Amino acid sequence: MNHYVHNLSPMAIEWGWFILPWYWLAYIAGFFIVYLGLMKFSSAGHIQLSKRTIHDYLSMGFLSLLLGGRFGYILIYNLNYYLEDPAKIFAIWEGGMSFHGAIIGIGLFTLYQSKKQKIPFLRFTDAISIFAPIGIFLGRISNFINGELAGRVTDVAWAVVFPKFYNSEPRHPSQIYEALLEGLVLFLILYFYGRKKINSLGFCTGLFVSLYGVFRFFIEFFRNPDPQIGLYFNAFTMGQILCSLMVLAGLVLIFKSDRKLSL
């Protein structure tokens, strides 16, 4: 069976010295979609956050998300590689971002903003949870374009050969699976169902965290394990272990969401 051989360029724009990788474009587009979405929600009274608060929060929150994602990947998944070649830390066009690290980064910044502005932590996270899956969708699509984070070897009809980072064996396009489940499906659930309970402090955050964990745990069975880590207990990836914790944390937030939390 002839499978599609991936040969897409990681660069969206190459104009002289100016380059714009799809990876950067995905983060930039994701930021503005979240920004405009929250501004619209604020104007409509769906969330109890002013436009000024949203602007201040997202302006620096975006940076904390990027730093958390990058250093989370370095520390959790590939520390030795970057210790041997520290300059690679800044080569973000090559990929290498951790969702779990990004969550920690934006979480710490949100905690700081919560204390500073005396606004409940979960009010921030409930609002951003509605639109965050769009950013995830764009990020996973850029992973596919880069030919990175491919799936395990398979012979399904839609398998793809990723020669840039892997061998010539066809693999699951797990980046697309993640874009659809963690991105599109999760966004639809949060937008059409979760936002109806956005005033139940913590519900949207819990729904986002738990469903992301479930979707990612499932897709990890099709995704190629990080070669420098492999499988734990010969069965589970690092991503699945972290996602299990996310599911538990999300369920706790959902069960407590009908109480008046003031975290």
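A. The arrangement of the side chain of asparagine 143 in detail. Note that asparagine 143 resides in helix α5 (residues 121-146). Classification of asparagine 143 as buried rests on a relative accessible area of 2%. Side-chain polar atoms of asparagine 143 contact the side chain of arginine 140, separated by 3.0 Å. Here the side chain of asparagine 143 touches glutamate 148 through a polar contact of 2.7 Å, side chain to side chain. Setting aside residues up to four positions removed in sequence, asparagine 143 forms contacts with Tyr23, Glu148, Leu149 and Gln175.

B. Representation of the sheet that holds strand β1 (residues 4-5) in the model. Spatially, the three strands line up as an open sheet ordered β1-β4-β5, and their pairing is mixed. Every other strand in the sheet has two partners, leaving β1 and β5 (170-171) as the edge strands with one partner each. The sheet contact formed by β1 and strand β4 (residues 160-161) spans two bridges and is parallel. If you follow valine 5 over to β4, its bridge partner there is valine 161.

C. Representation of the nonpolar core in the model. In terms of nonpolar packing, the biggest core is built from 37 residues, with Leu38, Ile47, Leu58, Ile130 and Phe131 touching the most fellow members. At the level of secondary structure, the elements contributing two or more residues to this core comprise α1 (22-44), α2 (51-77), α4 (99-117), α5, α6 (174-192), α7 (203-219) and α8 (238-256). Setting aside chain neighbours within four positions, we find isoleucine 130 in contact with Phe41, Phe187, Leu190, Tyr191, Gly194, Arg195, Ile198 and Cys204. By size, the runner-up hydrophobic cluster in this structure holds six residues, among which are Tyr73, Ile74, Tyr77 and Tyr82.

D. Representation of the pairing of strand β3 (residues 18-21). Across four bridges, the pairing between strand β2 (residues 11-15) and β3 is antiparallel. Bridge pairing in β3 places methionine 11 opposite proline 21. Hairpin connection from β2 to β3: two residues lie between these consecutive antiparallel strands, with glycine 16 at a positive phi of about 65 degrees.

E. Inspection of unusual backbone geometry at higher detail. Phi at lysine 118 is positive, roughly 55 degrees, even though this residue is not glycine. By secondary structure assignment, the location of lysine 118 is in the loop between α4 and α5. The exposure class of lysine 118 is exposed, given its relative accessible area of 73%. Backbone geometry at leucine 149 places phi at a positive 55 degrees, although glycine is not the residue there. Inspection of the secondary structure puts leucine 149 in the loop between α5 and β4.

The rules behind the values
Along each chain, numbering runs from 1 in the same order as the chain's sequence is written. For a predicted model such as this one, the threshold for reporting local features is a pLDDT of at least 70, and the threshold for listing and counting side-chain atom pairs is 80 or more; totals across whole chains, interfaces and linings nevertheless cover every residue. For side-chain calculations, the full set of non-hydrogen atoms in the structure is used, while hydrogens and water are omitted. Put simply, DSSP marks the helices as runs of H or I at least four residues long and the strands as runs of E at least two long, and each gets a number from the N terminus on. For the exposure calls, accessible area comes from a 1.4 Å probe over protein chains only, and a residue counts as buried if that area is under 20% of its type's maximum, exposed if over 50%, partly exposed in between. Any pair of N or O atoms that falls within 3.5 Å is considered a polar contact. Within protein, one atom must be able to donate a hydrogen and the other to accept it, and sequence-neighbouring residues count only if both atoms are side-chain atoms. We call two residues in contact when some of their heavy atoms are within 4.5 Å. When DSSP finds at least two bridges between two strands, those strands are taken to pair. By convention a nonpolar core is built from buried Ala, Val, Leu, Ile, Met, Phe, Trp, Tyr and Cys residues, the set being connected through side-chain atoms within 4.5 Å.

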